[in-house]
Amino acid sequence: MKAFLSLSLAMARGLARDRAAVFFTMIFPLMFLMLFGALFKDQGVGRSEIVQVGAVKVLDGMPDGERAALRDVLKIEKTDGSAAARKEALEKVRKGDADAAVFQQDGKVQLRYSAADQVRSGTVRGVLDSIVQQANQRATGQPPAFALRTDTVEDKTTKPIQFLTPGLLGWAVAMGGVFGSAFNLVSWRRKRILRRLWLAPVNARTVVGARIGVNLTTAFAQTAIFLAVASLPYYGLKLTGHWWLCLPLVVCGTLAFMSIGLLVGSFAKTEEAANGLAQVVILPMAFLSGAFFPLDNAPQWVRTVSDFLPLKHLSQAMQDVLSRGESWGAALPVMGGLLLFATVLTLIAARLFRWDDA
């Protein structure tokens, strides 16, 4: 126990003295949380911009009430009906300066949009289709047989921070686990500290246990800081009843990503090489796992790849217990999978481990 405490204290002091490590482990992920939280704090439905070329009966004949209701989602710029105006409107759509152009030809409403932005074009098509349907109903005098009411499953006060915090926290835990173990292993090997520990009356379990203890302490500190900042009134994170389940998830996630760091540290011979390998692993994983942005509209191959990445499952389980009110049913399978992942990679790293460069 004395050796364990001494090694833990030495590792903690080494981490505290390394300003770069403190920045990338504690401050850098927090900067992303604060930046994204501020950018998406008041996010609402984006307003689409269309150019109306000349007279379009369904648009010009809209009642004032319907037109006022569309102002938050649709901005209409009206031009004359000349051929030059139509050409200019189509060119604006091609360049992305407008989302669509609308004109009336041969008694039919013509909508022209760009295929480059399918999300925006889909929104514009949906809005214009609704306007045309309402115009048809007014013309025929027949009310619709069915009506659709839509709403979100979340409370009206739900904010983007509810979904940003779990993903960015998972990424912070991953960064701390990989970089902490990889850098420490390479640095101690180069300074021949590992060789001295090998010759000293200290077994490997004590060294590994001290490293795990320091990494878990760092991860818990990250979690506390993340939740404290995100819960500020400015950001407005609201924790669910089982939010504390994020703590065992942090433990399992830290062990899983420490195993990746051990594998990287077993290959790398210098701190620079360890940094490069760790970046190659963590950055693509963060984007492919949906830690920064959701993957709902991503290609199928991206979603398939993400299913094999531990960060995707860690972030999703974090979101379940922090924002969706889920309990052990959502956390336990992920915890088991992360521990299995950590076991497999640790065994591989142990086979490649070297006490010395020689």
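The residue count restarts for each chain, going from 1 along the sequence in the order it is written. Only residues with pLDDT of at least 70 are given local features in this predicted model, and only at 80 or more are side-chain atom pairs given and counted; all residues enter the totals for whole chains, interfaces and linings. Hydrogen atoms and water are omitted, and side-chain values are computed over all heavy atoms in the structure.

## Regarding the pattern of salt bridges
Note that side chains of opposite charge can pair when their charged atoms are close. The condition that has to hold: By convention in these notes, a salt bridge is any Lys or Arg side-chain nitrogen within 4 Å of a carboxyl oxygen on Asp or Glu. Strands here mean DSSP runs of E at least two residues long; helices mean DSSP runs of H or I at least four residues long; both are numbered from the N terminus. Under the scheme applied here, a residue whose accessible area is under 20% of the maximum for its type counts as buried, over 50% as exposed, and between as partly exposed, the area being computed with a 1.4 Å probe on protein chains only.
For the structure on display, the rule yields five salt bridges. Here Glu77 and Lys92 are joined by a salt bridge, their closest N and O atoms 2.9 Å apart. Placement of Glu77 in strand 2 (residues 74-79) and of Lys92 in helix 5 (residues 83-95) is noted, with a sequence separation of 15 residues between them. We classify Lys92 as partly exposed; its relative accessible area is 22%. In this structure, Asp307 engages Lys312 in a salt bridge whose closest nitrogen and oxygen atoms are separated by 2.6 Å. According to the relative accessible area criterion, Lys312 is buried, its value standing at 16%.

## Structural notes on the sheet that holds strand 4 (residues 108-113)
Operational definition: In this analysis, strands are considered paired if DSSP registers two or more bridges between them. Axis lines are fitted to C-alpha atoms, over the contacting stretch for helices. Their N-to-C directions set the angle, which ranges from 0 to 180 degrees.
Across the sheet, which stays open at both edges, the four strands sit in the order 2-1-3-4 with mixed pairing between neighbours. Whereas interior strands pair on both sides, the edge strands pair on one side only; in this sheet they are strand 2 and strand 4. Strand-to-strand twist in this sheet, taken as the mean axis angle between neighbours without regard to direction, amounts to 25°. Bridging between strand 1 (residues 48-53) and strand 2 involves six bridges; their strand directions are parallel. Its bridge partner lying in strand 2, Ile50 is registered against Ile76.

## Quick look at empty space enclosed by the protein
Cut-off, in case you're wondering: Residues are said to line a cavity or pocket when one of their atoms sits within 4 Å of a point; the points come from a 1 Å grid over protein atoms alone, cavities being sets where a 1.4 Å probe fits but cannot get out and pockets being open sets with protein on both sides within 12 Å along at least five of seven lines. Grid points are joined across faces, edges and corners, and a volume is the space filled by probe spheres set on the points.
The final tally for this structure, using the stated rule, is one cavity of 30 Å³ or more. The computed volume of the largest cavity comes to approximately 30 Å³. Contributing to the lining of the largest cavity are Val173, Gly176, Gly177, Asn215, Thr218, Ala219, Gln222 and Thr254. Looking at the lining of the largest cavity, the elements that each hand over two or more residues are helix 7 (161-190) and helix 9 (204-230).

## A short note on helix 13 (residues 310-322)
Let me state the cut-off plainly: Expected span of a helix, by definition, is 1.5 Å for each gap between consecutive residues, and there is one gap fewer than residues.
Look at helix 13: 18 Å from first C-alpha to last across 13 residues, which is about the 18 Å you get at 1.5 Å a residue. For helix 13, the buried fraction is high: eleven of the 13 residues fall into the buried class.

## As for the packing of helix 13 against helix 14 (residues 328-352)
Keep this limit in mind: Geometric relationships in this document are graded by angle, where less than 35 degrees denotes roughly parallel, more than 145 denotes roughly antiparallel, 65 to 115 denotes roughly perpendicular, and other angles denote oblique. The handedness criterion is simple: a crossing whose near helix is rotated anticlockwise from the far helix by less than a right angle is left-handed, and one whose near helix is rotated clockwise is right-handed. Contacts are residue-level and defined by heavy atoms, with any inter-residue pair within 4.5 Å sufficient. Three classes are used: nonpolar for Ala, Val, Leu, Ile, Met, Phe, Trp, Tyr, Cys and Pro, charged for Asp, Glu, Lys and Arg, and polar for all others, with Gly counted as polar.
One can describe the packing of helix 13 onto helix 14 by two numbers: an axis separation of 9 Å at closest approach and a directional angle of 155°. As the angle between them shows, helix 13 and helix 14 are arranged roughly antiparallel. Once helix 13 is placed against helix 14, the crossing between them reads as left-handed. Contacts from Pro310, His313, Leu314, Ala317, Asp320 and Val321 of helix 13 reach helix 14 at Ala330, Ala331, Val334, Leu338 and Phe341. Grouping the amino acids of the contact of helix 13 with helix 14 by side-chain chemistry returns nine nonpolar, one polar and one charged.

## Quick notes on the UniProt feature "transmembrane region" (unreviewed entry) in the protein
Threshold: UniProt positions are given in the numbering used here, feature names are shortened, and annotations may be inferred rather than shown by experiment.
The UniProt feature table records "transmembrane region" (unreviewed entry) at residues 21-40, 168-187, 208-230, 242-264, 276-295 and 330-353. Along residues 168-187, the helical share is 100% and the strand share 0%, with 28 Å between the first and last C-alpha atoms. The straight-line gap between the two end C-alpha atoms of residues 242-264 is 34 Å; of that span, 83% is helix and 0% is strand.

## Let's talk about the side chain of Ser181
Quick note on the threshold: Between N or O atoms, a polar contact is any pair within 3.5 Å; within protein, one atom must be a potential hydrogen donor and the other a potential acceptor, and residues adjacent in sequence are included only when both atoms are from side chains.
Within the fold, Ser181 resides in helix 7. Residue classification places Ser181 among the buried positions, given a relative accessible area of 2%. Looking at Ser181, its side chain comes within polar contact range of the main-chain oxygen of Gly177, at 2.8 Å. Sequence-distant contacts of Ser181, defined by excluding residues within four places in its chain, comprise Asn215, Phe257, Met258, Gly261 and Leu262.

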